[in-house]
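# Understanding the architecture of this molecule
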Amino acid sequence: MPSFAKYGAKFIVRAGRYENPEAPTGNRHVVVEFDSYDTAVACYQSPEYQEASKYRLAASTGHFVIVEGA
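Cut-off values and rules
- Residues numbered from 1 in each chain as written.
- Predicted model: local features only at pLDDT ≥ 70, side-chain atom pairs only at ≥ 80, totals over all residues.
- Heavy atoms only, no water.
- Helix = DSSP H or I, 4+ residues; strand = E, 2+ residues; numbered from the N terminus.
- Buried < 20%, exposed > 50% of the residue type's maximum accessible area, 1.4 Å probe, protein only.
- Phe/Tyr/Trp six-rings, centres within 6.5 Å; stacked < 30°, edge-to-face > 60°.

Its place among the elements puts P2 in helix α1 (residues 2–6). For P2, a relative accessible area of 63% puts it in the exposed group. Placed 42 residues apart in sequence, P2 and Y44 show a C-alpha to C-alpha distance of 12 Å.

Below is the structure:
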């Protein structure tokens, strides 16, 4: 969480109801908004997030995508 706060992240979606009518997508979905694509990439590459991600990767499987919005 410190890395997200440092980069001004806003959690838009954390779990909740969902449907996956076309293909399985997993059972937990999180959408995080940043001020810019570059800020999202900087957060991901930050030492704070890289340290925290060790725990996420050891405890779960998933897909992580950074997408530039409109």
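Okay, back to it.
In the structure shown here, the tally under the stated rule is 6 aromatic pairs. Ring centres of Y44 and Y49 lie 5.5 Å apart, and the angle between their planes is 40°; on these two criteria the pair is classed as tilted. Relative to F64, the ring of Y44 has its centre 5.0 Å away and its plane inclined at 45°; by these criteria the two rings are tilted. Of the two residues, Y44 sits in helix α2 (residues 37–45) while F64 sits in the segment after α3 (47–59), which places them 20 residues apart along the sequence. You can call Y44 partly exposed: its relative accessible area is 32%. For F64, a relative accessible area of 42% puts it in the partly exposed group. Of the aromatic side chains, those joined through ring pairs into one cluster are F4, F11, F34, Y44, Y49 and F64.

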